[in-house]
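One-letter residues, chain by chain:
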Amino acid sequence: MKIALVNQLHHDAGKVGSVRMWRLAQELASLGHEVLFICPKLPAAVKGAKEEDASNFRRHATGPIVLTAGPATEHLAASRRRPVKRLGSKLGTAWSLLIRGGPYWRWRRSIRQMFPRIRAEFCPDVCVGCFGSIDALLAAKELAAYCRVPWVMDIKDAADAFLPRSIRPLLMWRASGAHACTVNAKFQISRNPGWIPASGAKLLYSGVEQRATARPDFEPDRIVLAGSVYDPAGLAVLLEGFRLLLVERPLATLEYYGGDGESVREAAVRVGIESKVLVLGQVERMLFLERCASAACVAYVGFPSAFHHKLLELAVLGRPIVVAPTESVEGIELSGHYEFPLECVSTPADASDAFRFAGSSPTRENAELANDFSWQAVARRLEKILVDVVEGNR
């Protein structure tokens, strides 16, 4: 098959949102399909960038064909972080959503300008758009209509978290009509009812990297704290629990990886353990997973109303996972099915006990989990969905 995938982030953007579609693109290409990966330019490439030349549409023996369109989407995300412009940015985003169809409409327009060349020189059998971004969905839908082929919607984020409530039904209607729908977790079905077709959605969890699977050796006195601080109370439980652990294990250390370093640093000061907490921020993903694989355990603040893929990434490493105050029902069900160690803690004493137990727990390899959630296995499931869509549209 010839498959066009549209994603709102460049695969080298260094963000979580750039991983799913790119890894699926790579694995689909490795299965023998011709894959066109359409994404924005990286910010550094926007200034003075020229339109891609025709050679980019020729099949690459080693992986997907990458077609970048400008401008980059990151400039708008950056403007949202400027406090003075936050209100204006929100109003501008709402206006772009309502009138233009999405906040990154310029990027979508630049893709549209390439439609004639894409149809003439690649001509996909099916298009896939990832939400993420409604612009990626609209671009995939528009490209599919132009090439007269079916399209598939992939949902990795909840619409109610990204689309304003007042105009959400209109926006979801604009991006509706996909021939099939995949979701990265069960909870997405209830969070995105306006997009789920009558035939239902196909569950397509993201994959895990096999290069970062379980290893026998670990550091019993090093704990990793990972991810966003969704709940300050949950963070306090983990840090207070770590403080209790230090009474017995004064050499223990805690490393934080994630985007909420300032919140973690301030909380550590309040608990009085700032000298034992190392805030390392966001690092290259494989390095992060390697640090987790060699830690006594990995802890994070839970967000029980949604399923987060990092649970599977961490579970395949074989080290105990500690979450405060609890994990989603979906995550707990997966831990029961695949029997990986997941401990939900609601008090500092519970957290301290979990940390203490982890320091003496051997690494547990989980071949079933690693095989079921390898990126190749996930890509094969997507491949079957796409084949059914293409054959059903003939």
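Thresholds applied
The residue numbers shown here count from 1 along each chain, following its written sequence. Confidence filtering applies because this is a predicted model: local features only for residues at pLDDT of at least 70, side-chain atom pairs given and counted only at 80 or more, and all residues used for totals across whole chains, interfaces and linings. No hydrogens and no water enter the side-chain calculation; it runs on all heavy atoms of the structure. Starting at the N terminus, helices and strands are each numbered in turn, a helix being any DSSP run of H or I of at least four residues and a strand any DSSP run of E of at least two. Two residues qualify as a contact provided that any one of their heavy atoms is within 4.5 Å of a heavy atom in the partner residue. Note on areas: Shrake-Rupley, 1.4 Å probe, and residue coverage restricted to the protein chains presented here. A patch consists of residues exposed above 30% relative accessible area that lack any salt bridge, with like charges linked at up to 9 Å and nonpolar side chains (Val, Leu, Ile, Met, Phe, Trp, Tyr) linked at up to 5 Å. Note on definitions: salt bridges are taken to be side-chain nitrogens of Lys or Arg within 4 Å of carboxyl oxygens of Asp or Glu. At least two DSSP bridges between two strands are required for those strands to pair. Angular values range over 0 to 180 degrees, each being the angle between N-to-C directions of two axes fitted as lines to C-alpha atoms, with helices fitted over their stretch in contact. Polar contact is defined as a pair of N or O atoms within 3.5 Å, subject to the rule that within protein one atom must be able to donate a hydrogen and the other to accept it, and that residues adjacent in sequence are counted only when both atoms are side-chain atoms. Remark: exposure states derive from per-residue accessible area (1.4 Å probe, protein chains only) relative to the maximum for the residue type, with buried under 20%, exposed over 50%, and partly exposed in between. Using only the protein atoms, space was sampled on a 1 Å grid; points where a 1.4 Å probe fits but cannot get out form cavities, open sets with protein on both sides within 12 Å along at least five of seven lines form pockets, and lining residues are those with an atom within 4 Å of a point. Grid points are joined across faces, edges and corners, and a volume is the space filled by probe spheres set on the points. Residue polarity is assigned by list, with Asp, Glu, Lys and Arg as charged and Ala, Val, Leu, Ile, Met, Phe, Trp, Tyr, Cys and Pro as nonpolar; anything else, Gly included, falls into the polar class. Here, nonpolar core refers to any group of buried Ala, Val, Leu, Ile, Met, Phe, Trp, Tyr and Cys residues whose side-chain atoms link them within 4.5 Å. Between the rings of Phe, Tyr and Trp (Trp by its six-membered ring), a pair exists once the centres lie within 6.5 Å; its type follows the angle of the planes, with under 30 degrees stacked, over 60 edge-to-face, and the other angles tilted.

Here we look at the overall build of the protein chain
Each helix and strand counted, the protein chain has 17 helices and 13 strands in total. By sequence separation, contacts in the protein chain at least 24 residues apart represent 74% of the contacts at least 6 residues apart. Working note: accessible area of the protein chain is about 17700 Å², and carbon and sulfur atoms make up 54% of it.

Topic: a nonpolar patch on the surface
Taken together, the side chains of L278, L280, V283 and L287 make up a nonpolar region of the molecular surface, amounting to roughly 290 Å² of accessible area. Relative to the helices and strands, L278 is located in strand β10 (residues 277–281).

Examining the sheet that holds strand β6 (residues 180–183)
Spatial strand order, β3-β2-β1-β4-β5-β6-β7: seven strands in an open sheet with parallel pairing. Whereas interior strands pair on both sides, the edge strands pair on one side only; in this sheet they are β3 (65–69) and β7 (202–203). Looking at chain direction, strand β5 (residues 151–155) and β6 are connected through four bridges and run parallel. From the neighbouring strand, V152 faces β6, where its bridge partner is A180. Packing against the sheet, helix α1 (residues 19–30) makes contact with β1 (2–6), β2 (34–40), β3, β4 (126–131), β5 and β6, and its axis sits at approximately 160 degrees to β2.

Digging into the sheet that holds strand β9 (residues 253–257)
Pairing within the open sheet is parallel, and its six strands lie in the order β10-β9-β8-β11-β12-β13. Every other strand in the sheet has two partners, leaving β10 and β13 (342–344) as the edge strands with one partner each. Going from strand to strand, the sheet's axes swing by 25 degrees on average, the running direction of each strand aside. By the bridge criterion, four bridges tie strand β8 (residues 219–226) to strand β11 (residues 295–301) in an arrangement that is parallel. Within β11, the position partnered with I223 by the bridge is C297.

As for the environment of H10
Checked against the element boundaries, H10 lands in the loop between β1 and α1. Sequence separation between H10 and P40 is 30 residues; the distance between their C-alpha atoms is 5.6 Å. Among all residues touching H10, those that are not within four sequence positions of it are S18, C39, P40, K41, L42 and T68. Here D12 takes part through its backbone nitrogen, which lies 2.9 Å from a polar atom of the side chain of H10.

Concerning the side chain of R20
Structurally, R20 is set in helix α1. Classification of R20 by relative accessible area gives buried; the value is 4%. Among the polar contacts made by the side chain of R20, one reaches the side chain of D154 at a distance of 2.7 Å. Excluding anything up to four places from it in sequence, R20 contacts D154, K156, V183, N184, L204, Y205, S206 and W375.

As for empty space enclosed by the protein
For the structure on display, the rule yields two cavities of 30 Å³ or more. In this structure, the second largest cavity encloses a volume near 40 Å³. Y230, Y300, V301, G302, F303, A306, H308, K310 and E327 together form the lining of the second largest cavity.

Here we look at the layout of surface pockets
The method is simple in principle: a probe with the dimensions of a water molecule rolls over the atoms, and the space it marks as empty is what remains. Counted as a void, the second largest pocket has a volume near 200 Å³. Lining of the second largest pocket is provided by 13 residues; of these, P320, P341, E343, F357 and S361 occupy positions nearest its centre. At the level of secondary structure, the elements contributing two or more residues to the lining of the second largest pocket comprise β12 (321–324), β13 and α15 (348–358). The element contributing the most residues to the lining of the second largest pocket is α15, with three residues. Along the lines of polarity and charge, the residues of the lining of the second largest pocket split into eight nonpolar, two polar and three charged.

Focus: the nonpolar core
With 40 residues, the main nonpolar core has I118 and W195 as its most contacted residues. A per-element tally of this core places helix α7 (residues 134–147) first, with nine residues. With near-sequence residues (within four places) excluded, W195 lies in contact with F131, I134, L137, M153, I155, A159, L163, M172, A175, S176 and C181.

Observations regarding the packing of aromatic side chains
Across all of its chains, the model carries eight aromatic pairs by this definition. Between F115 and Y146, the ring centres sit 5.5 Å apart and the planes meet at 45 degrees, which makes this aromatic pair tilted. Highlighted residues: F115 in helix α6 (residues 115–121) and Y146 in helix α7, separated in sequence by 31 residues. You can call F115 buried: its relative accessible area is 4%. Relative to F307, the ring of Y205 has its centre 5.5 Å away and its plane inclined at 65 degrees; by these criteria the two rings are edge-to-face.

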